[in-house]
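# Geometric and topological summary
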Amino acid sequence: MTGPLLTRWGRALDPDAPLPEHPRPQLFRERWLSLNGRWSYAIVPGRLDADPPAAWDGEIVVPFSPEAPLSGVGRTLRPGETLWYRRTVTLPAGVRPAPGDRVLLHLDAVDQVCRVLAGPDAGRLVEVGRHEGGYLPVHCEVTGGLADDGSLTVVVAVEDETDAGPRARGKQRTRRGGIWYTPQSGIWQTVWLETVPATYVERLVLTPDLAAGELEVTVHLTGAEQLPVRVEVHAGTRLVGAAASRPGQPTRLAFDQVRPWHPDDPFLYDVSVQAGADRVTGQVGMRSFGVGPGPDGRPRLLLNGAPSLQVGVLAQGYWPDGFYPPPADAAMVHDITEMKRLGFTMLRKHIKVEPLRWYHHCDRIGMLVWQDAVNGGATYRPEVITAPAVAPFVRLRDTGARGHRRFGRADAAGRAAYERELAELVEHLRSVTSLALWVPFNEGWGQFDAARIAGEVGRLDPTRPVDHASGWHDQGAGDLRSLHVYFRPFRVPRAVRHRREPRALALTEYGGYALAMPGHPWGERSF
């Protein structure tokens, strides 16, 4: 095969304005500016604490990684190298700050470690932020770096060790093959600026209580002032709830009549929040998730209090031309709507965190989401992650020094980073209406202390079930007895048949099957 595989959206890409949509529908403001498009780049030996390079290698299309065809680069960032980005932008009149305003720079995902500098020009840069972890957003204030004419130079330095260290890497591997993907590095979600007042809404937490007919809203502010907050909820043009609130204080709004959110009726309420001069908007659906008895008394997954057969696909979100980022917003919509057209009700977001717009589309289209955490750790052993596919009786303990070594989790700092990023992931996606279940570990990849981790996730978010160890190496915890069945017929476990299993039984992977389409295969071999 010659040349990259391009999707129809990749072929139509405008490199000066890729993915131009507002990237955060749950916390929308009017005054914002996308920085996606052409940046200068360089890949040089050394660490990210060095000075920016004196010369640049060329242009890269952000937010596509240098390994991805749509970036226009075609190079791989390796351990021991730093990927540098630079762009100068002038804020338009509608975004330029008034006296007292702040300007925030958002990099919605950078793989794996980044350092951010900003200033009025390339000769006057100061460090404004650092971040470790390739799947969650980076936020920096750059107000002091603006020139008098509203121009700003941004420089980003990135290191990515992929699978040479314990950091979260998902299904990337230095040597791709089998079920593992080509590595990708650097900026892979939208980069954007927004202008906010001195005190502004930093975070909005929306928690439906369907049984009570109430929506709990918590507004978190950043700034010196403790401003009063007003929250309004609309169903279309009709005001259905309003309340005054205090920052950080949960406030409940009762609805006279609730329209539940469901995949067959994905109705969303509009939420607006006013805090001083700041106004943000978002959306929320009224629904509930859980585990409870079905008609036969056996435990079942519940949606809105009723048993729910959630039939889905493993949505890995790895594009042939964009790699981690989709080539266009419409590409994500196409994937979701096609799966719904085919009769599926759920997508398991597999070992990846998508851009927030992906979850927004699931909310509005009506597609349930099971969210995997992103795995890390040392090199995985075949007897841990592969053998159970053909020998399902293999079930290893994941606790203590011996268990940690066996699962590639001997590094204490790597385990701590996983737990920190898992907690951040829960906060990041907490208000997603369609998110129905958390999956901390999959098939033993970087698994450790899964029973304890499941308890932590349940305490962080008691509104959703947890599948603590999807596939094999079940530790008897969480809300699901989760089975992956390959190469053999599926049989209901004896403990389930004899009603000794208190958790819901779920067949969470099986198969697998391939449908080869002419002109679309990456290679000649098929799984």
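The sections below set out a description of the structure shown in this document. Since the structure is predicted, the reported quantities are computational estimates derived from the model, not experimental observations. (Residues numbered from 1 in each chain as written. Predicted model: local features only at pLDDT ≥ 70, side-chain atom pairs only at ≥ 80, totals over all residues. Heavy atoms only, no water.)

## Let's talk about unusual backbone geometry
- Cis peptide bonds are those with omega within 30 degrees of zero, and the linkage from Val-62 to Pro-63 qualifies with 20 degrees.
- Going from Asp-111 to Gln-112, the amide bond is cis rather than trans, its omega being 5 degrees.
- Along the chain, Gln-112 falls in the loop between β6 (110–111) and β7 (113–119).
- Even without being glycine, Phe-323 reaches a positive phi, approximately 65 degrees.
- The residue Phe-323 is located in the loop between β23 (312–315) and α2 (329–341) in this model.
- Its relative accessible area of 5% is what places Phe-323 among the buried residues.
- If you check the backbone angles, Ile-351 has positive phi at about 55 degrees while not being a glycine.
- Overall, the relative accessible area of 3% leaves Ile-351 in the buried class. (Helix = DSSP H or I, 4+ residues; strand = E, 2+ residues; numbered from the N terminus. Buried < 20%, exposed > 50% of the residue type's maximum accessible area, 1.4 Å probe, protein only.)

## A short note on α2
- Compared with an ideal rise of 1.5 Å per residue, which puts 13 residues at 18 Å, α2 spans 18 Å between its outermost C-alpha atoms and is within 8% of the ideal.
- Within α2 the residues assigned to the buried category are Asp-329, Ala-331, Met-332, Val-333 and Ile-336.
- On its buried face, α2 is in contact with α1 (8–11), β24 (346–349) and α3 (356–365).
- Within two residues after α2, Gly-343 carries a phi angle of roughly 105 degrees, on the positive side. (Expected span 1.5 Å × (residues − 1). Contact = heavy atoms within 4.5 Å.)

## Overview of the layout of surface pockets
- One number sums up the size of the second largest pocket: a volume of about 920 Å³.
- Taken together, 39 residues line the second largest pocket, and the ones lying closest to its centre are Pro-137, His-139, Glu-202, Arg-203 and His-428.
- Contributing elements (two or more residues each) for the lining of the second largest pocket: β5 (102–107), β8 (126–132), β9 (138–141), β12 (191–196), β13 (200–209), α3 and α6 (412–429).
- If you tally residues by element for the lining of the second largest pocket, the top one is β13, at seven residues.
- Looking at side-chain class alone, the lining of the second largest pocket contains 18 nonpolar, nine polar and 12 charged residues. (1 Å grid on protein atoms, 1.4 Å probe; cavity = no way out; pocket = protein on both sides within 12 Å on 5 of 7 lines; lining within 4 Å. Points joined across faces, edges and corners; volume = space filled by probe spheres on them. Nonpolar A, V, L, I, M, F, W, Y, C, P; charged D, E, K, R; others polar.)

## Describing the side chain of Ser-482
- Along the chain, Ser-482 turns up in strand β27 (residues 480–486).
- Among the residues examined, Ser-482 registers a relative accessible area of 2% and is labelled buried.
- At 2.9 Å, the side chain of Ser-482 and the side chain of Asp-467 are in polar contact.
- A distance of 2.7 Å separates polar atoms of two side chains, one belonging to Ser-482 and the other to Thr-508.
- Filtering out sequence-adjacent residues up to four positions away, Ser-482 remains in contact with Asp-467, Ala-469, Ser-470, Gly-471, Ala-506 and Thr-508. (Polar contact = N/O pair within 3.5 Å; in protein donor to acceptor, adjacent residues only side chain to side chain.)

## Here's the deal with the sheet that holds strand β14 (residues 214–222)
- The antiparallel open sheet is built from three strands, whose spatial order is β13-β14-β17. Looking along the sheet, the strands with just one partner apiece sit at the ends: β13 and β17 (251–254). The average undirected angle you get between the axes of adjacent strands in this sheet is 25 degrees.
- Two elements, β13 and β14, share nine bridges in a ladder whose sense is antiparallel. Bridge pairing in β14 links Asp-209 to Glu-214. (Pairing = 2+ DSSP bridges. Axes fitted to C-alpha atoms, helices over the stretch in contact; angles between N-to-C directions.)

## Considering the packing of α2 against α3
- For the pair α2 and α3, the least separation of the axes is 10 Å and the interaxial angle reads 40 degrees. Relative to α3, the element α2 is oriented oblique. Both α2 and α3 take part in a crossing whose hand is right-handed. Along the contact surface, α2 presents Asp-329, Met-332, Val-333, Ile-336, Thr-337 and Lys-340, while α3 presents Arg-357, Trp-358, His-361, Cys-362, Arg-364 and Ile-365.
- Classifying every residue of the contact of α2 with α3 by side-chain character gives six nonpolar, two polar and four charged. (Parallel < 35°, antiparallel > 145°, perpendicular 65-115°, else oblique. Left-handed = near helix turned anticlockwise from the far one by under 90°.)

## Concerning the pairing of β7
- Across the seven residues of β7, seven count as buried, placing the element largely inside the fold.
- On β7, burial covers both faces: Val-113, Arg-115, Leu-117 and Gly-119 on one face and Cys-114, Val-116 and Ala-118 on the other are all buried.
- The pairing of β7 with β8 spans six bridges and is classified as antiparallel. Along β8, the bridge assignment pairs Arg-115 with Arg-130.
- Turn length for the β7-β8 hairpin, with the two strands adjacent in sequence and antiparallel, is six residues.
- Note: β7 against strand β10 (residues 151–159), seven bridges, orientation antiparallel. Residue Ala-118 lies in a different strand from β10, and its bridge partner there is Val-154.

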